[in-house]
Amino acid sequence: MSDIDKKIEQIYISSTKMICGLNSLNMEENNFLISLLDKIMHRKADELFITCLKKWQAGGWRQDIKEIIKASLLPLDLDDPAAVKETCMLISDLLNYNNDGEND
Amino acid sequence: MESSQYNESLFDLESERRVLSAMLHAEAACIEAYNSLRAADFFSPLHATVFELTSSLYEREINPTFVELIKEGRSLGIFTNQRDIEELSYIAEHYIEEENISYWLKRVKDKARLRSFEVFLRRNYQLLNEEIEQDVEQTLMLAEEELTNLTALEIDDRIDSPADLAKLGYDEVEKRFLRYKEIKELYKGVIPLDGLPTGFESLNKVTLGYKPGDLIILGAQTGHGKTSFALHTAATIAVKGQFNLLYLNTEMSREQIALRWGSILSGIEHERVRSGDINESELSIINKAYSDLSESGFYSYPCPNLSPEKTVSIARKFKTQKKIDMMIIDYVGRMEKQDPKLQEWQILEQIVKTQKMLAQNLKIVVMCLVQLNPDGSLQGAKRMKNECDLMLKLSPISKEEMEESEEFKKYNIMPNYAIFIDKNRDGQSGIRIPINFDLKRQIMMDVKRVSI
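All of these numbers come straight from a predicted model, not from anything done at the bench. (Residues numbered from 1 in each chain as written. Chains lettered and ligands numbered in written order. Predicted model: local features only at pLDDT ≥ 70, side-chain atom pairs only at ≥ 80, totals over all residues.)

Examining the overall build of chain A
Note the cut-off: Each helix corresponds to a stretch of at least 4 residues labelled H or I by DSSP, and each strand to a stretch of at least 2 residues labelled E; elements are numbered beginning at the N terminus. Exposure in this text rests on C-beta crowding, where 20 or more other C-beta atoms within 10 Å of a residue's own make it buried, 12 or fewer make it exposed, and counts in between make it partly exposed. The C-beta atoms are placed from the backbone. For the purpose of contact definition, each residue receives a C-beta atom placed from its backbone, and two residues are in contact when these atoms lie within 7 Å.
What chain A contains, in helices and strands, is 5 helices and 0 strands. The N-to-C order of helical and strand elements in chain A reads α-α-α-α-α. Within chain A, the fraction of its 104 residues that count as buried is 17%. The long-range share in chain A, meaning contacts at least 24 apart out of those at least 6 apart in sequence, stands at 58%.

Considering the overall build of chain B
Of regular secondary structure, chain B possesses 17 helices and 9 strands. Expressed as a percentage of its 452 residues, the buried residues of chain B come to 33%. The contacts of chain B with a sequence gap of at least 6 include a subset with a gap of at least 24, amounting to 70%.

Observations regarding helix H1 (residues 3-20) of chain A
All names here are of chain A. Definition in use: In a helix, the anticipated span is given by 1.5 Å times the number of residues less one. As used here, the arc belongs to the directions running from the helix axis to the C-beta atoms.
Taking 1.5 Å of rise per residue, the 18 residues of H1 would be expected to cover 26 Å, and the 26 Å separating its terminal C-alpha atoms lies within 8% of that figure. Every buried residue of H1 is listed here: Tyr 12, Ile 13, Thr 16, Lys 17, Ile 19 and Cys 20. The buried residues of H1 occupy one face: seen down the axis, they fall within an arc of 165°. Along H1, the residues that are exposed and aim more than 90 degrees away from the buried face are Asp 3, Ile 4, Lys 7, Ile 11 and Ser 14.

Focus: the nonpolar core
All names here are of chain B. Short version of the rule: Here, a nonpolar core means buried Ala, Val, Leu, Ile, Met, Phe, Trp, Tyr and Cys residues linked by C-beta atoms lying within 7 Å of one another.
In terms of nonpolar packing, the biggest core is built from 67 residues, with Ile 216, Ile 217, Ala 234, Leu 245, Met 326, Met 327 and Ile 328 touching the most fellow members. Per-element accounting of this core gives the leading share, 8 residues, to helix H10 (residues 226-240). With near-sequence residues (within four places) excluded, Leu 245 lies in contact with Ala 234, Ile 237, Ala 238, Gly 297, Phe 298, Tyr 299, Ile 324, Asp 325, Met 326 and Ile 328. Ranked by size, the runner-up nonpolar core spans 38 residues in total, among them Val 19, Ala 22, Leu 53 and Tyr 58.

Looking at the sheet that holds strand E2 (residues 245-249) of chain B
Residues and elements named next belong to chain B. Threshold: Here, any two strands with at least 2 DSSP bridges between them count as paired. Here, axes are lines fitted to C-alpha atoms. For helices the fit covers the stretch in contact, and angles between N-to-C directions go from 0 to 180 degrees.
Strand order in this open sheet of 9 strands is E3-E2-E4-E5-E1-E6-E7-E8-E9, and the pairing throughout is mixed. Lying at the two open borders of the sheet, with one neighbouring strand each, are strand E3 (298-302) and strand E9 (443-446). Strand-to-strand twist of the sheet, defined as the mean angle between neighbouring strand axes without regard to direction, takes the value 25°. The pairing of strand E7 (residues 417-424) with strand E8 (residues 431-438) spans 5 bridges and is classified as antiparallel.

Comments concerning the environment of B:Asn386
Structurally, B:Asn386 can be placed in helix H16 (residues 381-387). Classification of B:Asn386 by C-beta neighbours within 10 Å gives exposed; the count is 12.

What to know about the packing of helix H1 (residues 13-25) of chain B against helix H5 (residues 82-93) of chain B
All names here are of chain B. Let me state the cut-off plainly: By definition in this entry, angles of less than 35 degrees are roughly parallel, angles greater than 145 are roughly antiparallel, angles of 65 to 115 are roughly perpendicular, and the rest are oblique. When residue character is reported, Ala, Val, Leu, Ile, Met, Phe, Trp, Tyr, Cys and Pro are called nonpolar, Asp, Glu, Lys and Arg charged, and the others, Gly included, polar.
Closest axis-to-axis distance for the H1/H5 pair is 7 Å, and the angle between their directions is 75°. As far as their axial angle goes, H5 and H1 are roughly perpendicular. Facing H1, whose interface residues are Arg 17, Leu 20, Ser 21 and Leu 24, H5 presents Tyr 90, Ile 91 and Ala 92. Residue classes in the contact of H1 with H5 are distributed as 5 nonpolar, 1 polar and 1 charged.

Quick word on the pairing of strand E1 (residues 215-220) of chain B
Residues and elements named next belong to chain B. Of all 6 residues in E1, 6 are buried, a share of seventy percent or more. Burial along E1 is two-sided: the face carrying Leu 215, Ile 217 and Gly 219 and the face carrying Ile 216, Leu 218 and Ala 220 are both buried. Inspection of the sheet shows E1 paired to strand E6 (residues 390-396) by 4 bridges, in the parallel sense. Across the sheet, residue Gly 219 finds its bridge partner in E6, namely Lys 393.

Examining the interface of chain A and chain B
Listed as interface residues are 15 residues of chain A and, on the opposing side, 13 residues of chain B. Counting only elements with at least two residues in the side of chain A that touches chain B, the list comes to H1 and helix H2 (27-41) of chain A. A breakdown of the residues in the side of chain A that touches chain B according to their chemical character gives 6 nonpolar, 6 polar and 3 charged.

Notes on the packing of H1(B) against helix H6 (residues 101-130) of chain B
For any two helices packed against each other, the geometry comes down to the angle between their axes and how far apart the axes lie. Residues and elements named next belong to chain B. Put simply, the rule reads: A clockwise turn of the near helix away from the far one marks a right-handed crossing, whereas an anticlockwise turn of less than a right angle marks a left-handed crossing.
Following both chains from N to C, one finds H1 and H6 inclined at 135°, their axes separated by 9 Å at the closest point. Regarding the angle of H1 to H6, the classification is oblique. Like other packed secondary-structure pairs, H1 and H6 cross with a definite hand, here left-handed. Within the contact between the two elements, H1 uses Ser 15, Glu 16, Arg 18, Val 19 and Ala 22 and H6 uses Ile 101, Trp 104, Leu 105, Arg 107 and Val 108. Of the residues in the contact of H1 with H6, the class split is 6 nonpolar, 1 polar and 3 charged.

Quick notes on helix H11 (residues 254-266) of chain B
Residue and element names in this part refer to chain B. Along its 13 residues, H11 runs 18 Å from first to last C-alpha, staying within 8% of the 18 Å computed at 1.5 Å per residue. Within the sequence span of H11, burial applies to Trp 261, Gly 262, Ser 263, Ile 264, Leu 265 and Ser 266. Residues of H11 that are buried in the fold lie against H10, helix H12 (270-275), helix H13 (280-294) and E9. Of the residues one or two after H11, Gly 267 is the one with positive phi, at around 80°.

As for unusual backbone geometry
Cis geometry is adopted by the peptide bond preceding B:Tyr331, which originates at B:Asp330 and carries an omega value of 0°. With respect to the secondary-structure elements, B:Tyr331 resides in the loop between strand E4 (326-330) and helix H15 (344-362). Of note in the backbone geometry, A:Arg43 takes a positive phi value of approximately 50° without being a glycine. On the secondary structure map, A:Arg43 appears in the loop between H2 and helix H3 (47-57). Overall, the presence of 7 C-beta atoms within 10 Å leaves A:Arg43 in the exposed class. Here B:Lys323, not a glycine, exhibits a phi torsion of approximately 55°, which is positive.

Following this line, the structure appears as structure tokens:
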């Protein structure tokens, strides 16, 4: 294992430990976050999905939209590419809808 | 179990952590640990749980990463407190290089054996204190037996007493007697096999099938049908029989193997399948053939740089995850040589020895394809023959023999190839079985005697 890989591995382990230690999260939220971390660290995350999440995380969205997105993310199986793609489309639609709503 | 109760020489938590860490980081280490340890070999109950969960993930083909391990544990209601997560993080952080896994495995195993020995000593000491009047001879005999088992079991060895052997022998004969009776009454003389079907009725009769633990060597000259024989065997076992089979090929590409199947299972000439010179209805026949393949137990692993060590690790992986019943190596002559100083026959001997051990340890059938010299002899033949359970040689029947032989005219289809049984550990050898090999379709088939 190269030095860089070792560093990445340490970040992966520390981040997992930190997420598991967050008492404010319930089990479902916890599992989603560590699964996402696992995918990112092992370079298996869908790029489009990550772009969607980043856009969502940039903020400025309506509360109801945020809650729908969160509710659709939590049960998502990140190993199922079709489900990930579908969720990506849903998030994009919701965020666009939010923008359109604001423009109106 | 409190570690403070134990002498420190009886456990080694650091080695346990390193083995588990290696399992989380490298597949090869995971296979090694899975095959040589049990949960009970770990002193720490948490480590035993981690081992069980990691093994279970691996069995289900889920890459056992740190996160997957936590998720699996949590779904079962464990690893819910921060102390467990701390310990898991510590394990994951203490990574070892996978080539060092044997060293750490041995340390864990040795400590587990010492603990068993300690339990043995404690119990016998207690026995001495409790029983004042005792049969000394019997006490010592029992202790000796237990101690012997403690060491003998570890080397996976077994010595049969005369009574064990006699019982085993009688049970086997009785089983066969009852089966023979049943066959006569129910199946009108068709003999059920002890192992996997060979794909040829005559070969089934002589061998009673390929049995778990068997090493089969099939020799043929270049271009004389080694791969066709292997795929005919695979079609019988994995497609028709629905058993799981792993096929390692050192020469052919994925596309070449896939195309061969199209021809074998559809019965359409290979050359036409390869060139695409087929009509619509043949395309739909081929489609049906591939649908049969897709539902079969055939797993293919094209591997041009195969070495004996690699076959061991691949076979273990597929035995764990796919529960394979058989592995075919096509062919051993192309395996990579670890030591260039070794002679060809020494390498072949080393390969077949490894494969025989593998067949026995994993309780699967291993078939190795080897190349015969132009004169029909085999390099290192004597040593190979010693190791294998069944040695077959496949060769074409000469044109002259086909024309002159009155015998061959008595068959429903003219035989053009023959399988010679050079060695058969469980039955008759020196037998030549005529078959028909349709070269255009790459199909081998039985020939039946129709007249006397």
